[in-house]
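This is what each chain is made of:
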Amino acid sequence: MASTMENEEIKEQQKTPDEGIESLSINASQSHDTLNSSIHDARMSVEERFAIIRSIGEECIQDDELMNLLAHKSEPICYDGFEPSGRMHIAQGVMKAISVNKLISSGCRVKIWVADWFAQLNNKMGGDLKKIEVVGRYMIEIWKSVGMDICGGKVEFLWSSKEINGRAHEYWPLVMDIARRNKLPRILRCVQIMGRSEQDELTAAQIFYPCMQCADIFSLRVTTLLLRKDHSLFVHSVAAHHLLADICQLGMDQRKVNVLAREYCDDIKRKNKPIILSHHMLPGLQQGQEKMSKSDPSSSIFMEDEEGDVNVKIKKAYCPPKTVEGNPCLEYLKYLVFPWFDEFKVERNSKNGGDKTYASFEELVADYEGEELHPGDLKPALAKALNKILQPVRDHFNKDENAKKLLRQVKAFRVTR
């Protein structure tokens, strides 16, 4: 089976477009402006593209492979995914939008796996697939409203139930082969991807989950259209094919299953392995919370929280003076505010030093550690910046009837673990 997959990929790579036509992988809905933007992206140097993509990850396995990929492929395929499991917190909403837009700006195409079947396996929304679908649609509305470039043709949401059912004859043999080649202890080490631990009482479905997620990486669908050299669409033929994701862009909590995919490549003697780009996991707002929790509203800011809610949560957040490490407020600044605005403005009275705009996180850290910036001044400025990011989301969910209905439904659902 593995050799067949490799042969098909080689054949696909060897295909040459008709004379006078360039081959460009896009979605059918792409506009001419987006196409021109994609071509402009190709003019960036490999080093520039590498710097943008690498800035997303806290860890990259491996840097040299990423550089080589960018040197030989103008439009890498990036895999991301999420379980529709409840209201979206700001780490998932804003960080993913930032990451996806960076990938697009550097010439990548992003396939986001809406893991509805996986949420059901993991007992999210009580395993009710209809509720899970509602949550998935709500989450897409969030990303659309916060500014993820999902209308430019380089981002595609793929519902796992639809994709798997559409090519079950390819998908399930792959899952079975991954399962056959791995011992149970190796699979159990991956259960962190579901927010579980090896000590939890797991269902059989949850043990099967990592094998399926590993298979996802090898079975993304890509639609290819043909483009004339004058950049006008030439709808002569449309081909859908399946291939290995070039980059797995997920959180550090998903690292183990992505490594499993690389190990599977070794097992089947596949040379090209998926590159793992793992982003940082934002902590909860309270002391000692390693990550945000949807079941604990005080630990996180939700994407549609009202301005007053954000102000209260930041005011109560753990933010010890002079301390940078383990300080969630500073992490919000580093991973959300500075990437979004490229600066951070603190408004304060002249007795406390007057207004100051920080051009970098490092400059802010120096002031904070040196007691030139106090939590009492930092917190209101942080809340103001976050509210500015979230206001378009609030506007969308207040004005758009479909989005408003989805949010009302999601808020009524009981979050299950």
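Keep in mind that what you see is a predicted model, and the values were worked out from it rather than measured.

Undergrad: Break down the nonpolar core for me, citing the residues and quoting the values.
TA: If you look at the biggest cluster of nonpolar residues, it comprises 81 residues, and the most contacted ones within it are I90, Y138, F157, Y332, F344 and L386. The contact partners of F157, leaving out residues within four places of it in the chain, are F82, I112, V114, I140, W143, M148 and I150.

Undergrad: Describe the state of the cysteines, listing the residues and the values that go with them.
TA: Each disulfide consists of one covalent bond between the sulfur atoms belonging to two cysteines. Taken as a whole and judged by the stated rule, the model has 0 disulfides. Between C214, a cysteine without a disulfide, and C211, which holds the nearest cysteine sulfur, the sulfur-to-sulfur distance is 7.5 Å. C214 gets classed as buried once you look at its relative accessible area, which sits at 0%.

Undergrad: Help me get a handle on helix α11 (residues 204-216), residues and values and all.
TA: Its 13 residues place the ends of α11 19 Å apart at the C-alpha level, agreeing with the 18 Å of an ideal helix rising 1.5 Å per residue. Where α11 bends most, the angle comes to about 25 degrees, and this point is P210.

Undergrad: Give me the sheet that holds strand β8 (residues 247-251): which residues, what numbers.
TA: Judged by pairing direction, the sheet is mixed, and its 6 strands sit side by side in the order β2-β9-β8-β3-β4-β5 without closing on themselves. This sheet does not close on itself; its edge strands, each paired only once, are β2 (59-61) and β5 (155-159). When strand polarity is set aside, the average angle formed by the axes of neighbouring strands in this sheet is 20 degrees. The pairing of strand β3 (residues 77-82) with strand β4 (residues 109-114) spans 6 bridges and is parallel. When the sheet's bridge partners are listed, I77 is paired in β4 with R109.

Undergrad: Describe the packing of aromatic side chains, with residues and values.
TA: For the structure shown, the criterion picks out 9 aromatic pairs. Ring geometry for W143 against F157: centres 6.0 Å apart, planes inclined by 15 degrees, an arrangement best described as stacked. Of this pair, W143 sits in helix α7 (residues 129-146) while F157 sits in strand β5, and the two are 14 residues apart along the sequence. For the pair W143 and F157, one class covers both residues: buried. Grouped by ring-pair contacts, the aromatic residues F82, W143 and F157 constitute a single cluster. The ring centre of F302 lies 4.3 Å from the NZ or CZ of R87, which sits over that ring.

Undergrad: Go over the environment of R137, please, and point to the residues and values.
TA: By the secondary structure assignment, R137 is in helix α7. Apart from the residues lying within four places of it in its own chain, the contact partners of R137 are W159, N402 and L406.

Thresholds, definitions, all that
- Residues numbered from 1 in each chain as written.
- Predicted model: local features only at pLDDT ≥ 70, side-chain atom pairs only at ≥ 80, totals over all residues.
- Heavy atoms only, no water.
- Core = buried A, V, L, I, M, F, W, Y, C linked by side-chain atoms within 4.5 Å.
- Buried < 20%, exposed > 50% of the residue type's maximum accessible area, 1.4 Å probe, protein only.
- Contact = heavy atoms within 4.5 Å.
- Disulfide = S-S within 2.5 Å.
- Helix = DSSP H or I, 4+ residues; strand = E, 2+ residues; numbered from the N terminus.
- Expected span 1.5 Å × (residues − 1).
- Bend = angle between axes of the 7 residues up to and from the residue.
- Pairing = 2+ DSSP bridges.
- Axes fitted to C-alpha atoms, helices over the stretch in contact; angles between N-to-C directions.
- Phe/Tyr/Trp six-rings, centres within 6.5 Å; stacked < 30°, edge-to-face > 60°.
- Lys NZ or Arg CZ within 6 Å of the ring centre and 35° of its normal.

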